[in-house]
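Residue-level listing of the chains:
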Amino acid sequence: MEDNDNKKRIWYLSDGNPTQEERIKEYDHFCSTYEQVFKEEGWQSPYVCADTVGSYIRDNRDKVEILDLGVGTGLVGERLHHLGFRTFDGIDPSHGMLTLAEKKHIYRNLYCQLFTSKPTNIKEGTYDAICISGAFGKGDIPEDSVYEMIRLGKPGCILCFVGRTVAFELLLPLLETLEKTKQLKKEEITETQRYRKNVAGLIIVYRIIKD
Ligand SMILES: C[S@@+](CC[C@H](N)C(=O)[O-])C[C@H]1O[C@@H](n2cnc3c(N)ncnc32)[C@H](O)[C@@H]1O
């Protein structure tokens, strides 16, 4: 794939069904131009995601702990920092993307790994919010990882997903089931035109319930 063939690259990552290995390799290759390319594509998802977290957490922003899944180059963190949040961790399997996030010097911990249903080494009940921008479903972060998110959240922790509607086809019924079993409470499911130029998305927010 040619370096300047950006539209093809975005299509490949969003709809081309690459294997996990191919996807990580592509992000590693793409990372140095990712922010420029996505800016040209009207990429608003990370800002929508951070702003949504901000709309639920208005007080003591410097004290809350946030996990940014599929952190990429750290665009969500940049906005969170601008909003007054100070403590956030990120997870991403692409070493190249993480290197760029690291250079922003705003993340507390960055973990180079896939986030799946498999328990991480992070302590149970660490976070006040867990957010994901443009990194869920369709070969990225899998639906059953919600169980690990629940383990990592404090009681009342906000789960905030922003992505293309198609990415959440399998997640939405699972979230409904988890609401029925009183592990989650729905806060909002809102359509947004601010995902990417000419691409609508969904903002999904649930709250973790723990006794
Ligand atoms: C489109 S980028 C989004 C990056 C950033 N969140 C943003 O909004 O700009 C998707 C990111 O998800 C990461 N990713 C894919 N599968 C993942 C998984 N299972 N766990 C964690 N990150 C994953 C990719 O490596 C890539 O950096």
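The shown structure was predicted, so the numbers you read here are calculated from the model rather than taken from an experiment.

Here is what the cut-offs are and how they apply
Residues numbered from 1 in each chain as written. Predicted model: local features only at pLDDT ≥ 70, side-chain atom pairs only at ≥ 80, totals over all residues. Helix = DSSP H or I, 4+ residues; strand = E, 2+ residues; numbered from the N terminus. Buried ≥ 20, exposed ≤ 12 C-beta atoms within 10 Å, placed from the backbone. Expected span 1.5 Å × (residues − 1). Bend = angle between axes of the 7 residues up to and from the residue. Contact = placed C-beta atoms within 7 Å. UniProt positions renumbered as here; feature names shortened; annotations may be inferred. Pairing = 2+ DSSP bridges. Axes fitted to C-alpha atoms, helices over the stretch in contact; angles between N-to-C directions. Right-handed = clockwise from strand over helix to strand, strands pointing away.

**Observations concerning unusual backbone geometry**
In step 1: Non-glycine residue Lys182 carries a positive phi angle of around 60°.
In step 2: With respect to the helices, strands and loops of the structure, Lys182 is situated in the loop between helix H7 (171-180) and strand S6 (184-196).
In step 3: One non-glycine residue, Asn198, lies in positive phi territory at about 65°.
In step 4: Topologically, Asn198 is positioned in the loop between S6 and strand S7 (199-208).
In step 5: Given 8 C-beta atoms within 10 Å, Asn198 falls into the exposed group.

**Quick look at helix H2 (residues 20-40)**
In step 1: Along its 21 residues, H2 runs just 26 Å from first to last C-alpha, ending more than 12% under the 30 Å computed at 1.5 Å per residue.
In step 2: Where H2 bends most, the angle comes to about 70°, and this point is Cys31.
In step 3: By the burial criterion, the buried members of H2 are Tyr27, Phe30, Tyr34 and Phe38.
In step 4: Phi turns positive, to about 70°, at Gly42, one or two residues after H2.

**A short note on the environment of Phe168**
In step 1: Looking at the element boundaries, Phe168 is found in the loop between strand S5 (153-164) and H7.
In step 2: Taking the C-beta count within 10 Å as the criterion, Phe168 has 21 such neighbours and is therefore assigned buried.
In step 3: As for Phe168 and His81, which are separated by 87 residues in sequence, their C-alpha atoms are 27 Å apart.
In step 4: Ignoring sequence-local partners within four residues, the contact set of Phe168 consists of Gly137, Phe161, Gly163, Leu202 and Ile204.

**Structural notes on the UniProt feature "domain: Methyltransferase" (unreviewed entry) in the protein**
In step 1: Under the UniProt annotation, the feature "domain: Methyltransferase" (unreviewed entry) is placed at residues 66-156.
In step 2: Here residues 66-156 is 25% helix and 26% strand, with 13 Å between the C-alpha atoms at its ends.

**A short note on the sheet that holds S5**
In step 1: Read across the sheet, 7 strands follow the order S3-S2-S1-S4-S5-S7-S6 without closing on themselves; strand pairing throughout is mixed. Only two strands of the sheet have a single neighbouring strand rather than two, namely strand S3 (110-112) and S6. Here the average twist between neighbouring strands, direction ignored, is 15°.
In step 2: Of the pairings in the sheet, the one linking strand S2 (residues 87-92) to S3 comprises 3 bridges and is parallel in character. Counted as the bridge partner of Ile91 is Tyr111 from S3.
In step 3: Sheet contacts for helix H3 (residues 45-56): strand S1 (65-69), strand S4 (127-133), S5, S6 and S7; angle to S5, the most-contacted strand, approximately 150°.

**A short note on the pairing of S1**
In step 1: Counting buried residues along S1, 4 of its 5 residues qualify, which places the element largely inside the surrounding structure.
In step 2: Of the strand pairs in this sheet, S1 and S2 are connected by 5 bridges, and their pairing is parallel. Following the sheet pairing, Leu67 is matched in S2 by Asp89.
In step 3: One crossover worth recording links S1 to the parallel S2 by way of helix H4 (residues 75-82), and it is right-handed.
In step 4: Bridge count between S1 and S4: 4 bridges; the pairing is parallel.

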